[in-house]
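Chain by chain, the residues:
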Amino acid sequence: GIAAGDVRLFGGSTVEGDELCHFPFLHEGEVYTRCTSHGMNQPWCFADRGRTRWGFCDIEVEVQQGDSRPGDTCVFPYTYEGREVTQCEDWEAHPPPDAATEAHHGVTWCFTDEGRDRYGVCQQGVGG
């Protein structure tokens, strides 16, 4: 396991051996002590003291609606439509399979099971 307060990271520009976020970090004049979504649509952090590598924070993103089950969370990373998905996706740009066609402006979603049979609407609350 990892220590309380440690946050695992993945994707971005991480290299083998990058496992945890490096806090605190300075970004564009602001000090961050937790993951931020500043400049991105998903929480991220730096992987090293020198701020040369970054990754997405492996935080549990809760979902609702769709065909998800109570307590479901996103199962990142996964492959969908030939792409590696590491964050909640824009519903209109990359809709879930067999999704209703009504507008979902500003809504993000993810798969909630390894078999990519269930998905839900992301319920994210992050700083930044």
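Residue numbers restart at each chain and count upward from 1, following the sequence in its written direction. Where local features are concerned, this predicted model is filtered to residues with pLDDT of at least 70; where side-chain atom pairs are given and counted, the filter is 80 or more; whole-chain, interface and lining totals use all residues. Working from all heavy atoms in the structure, the side-chain values ignore hydrogens and water.

Peer 1: Got a sec to walk through the overall build of the protein? Specific residues and values, please.
Peer 2: Comment: elements are numbered from the N terminus, with helices defined as DSSP H or I runs of at least four residues and strands as E runs of at least two. Looking only at helices and strands, the protein has 0 helices and 11 strands in total. Ordered by position from the N terminus, the helices and strands of the protein form the series β-β-β-β-β-β-β-β-β-β-β. Across the 128 residues of the protein, 40% fall into the buried class. Contact between two residues is taken to exist if any of their heavy atoms lie within 4.5 Å; hydrogens are not considered. Long-range pairs, those at least 24 residues apart, make up 46% of the contacts in the protein with a sequence separation of at least 6. Residue exposure (1.4 Å probe, protein chains only): buried if accessible area is under 20% of the type maximum, exposed if over 50%, otherwise partly exposed.

Peer 1: Please set out the sheet that holds strand 1 (residues 9-10) residue by residue, giving values where relevant.
Peer 2: Any two strands are treated as partners once DSSP identifies two or more bridges connecting them. An order of 1-5-4 is seen for the 3 strands of this open sheet, with the pairing classed as antiparallel. The strands lining the two open edges of the sheet, one partner per strand, are strand 1 and strand 4 (44-46). Where strand 4 and strand 5 (residues 54-57) come together, 3 bridges link them in antiparallel fashion. Looking at strand 5, one finds that Cys-45 is bridged to Gly-55.

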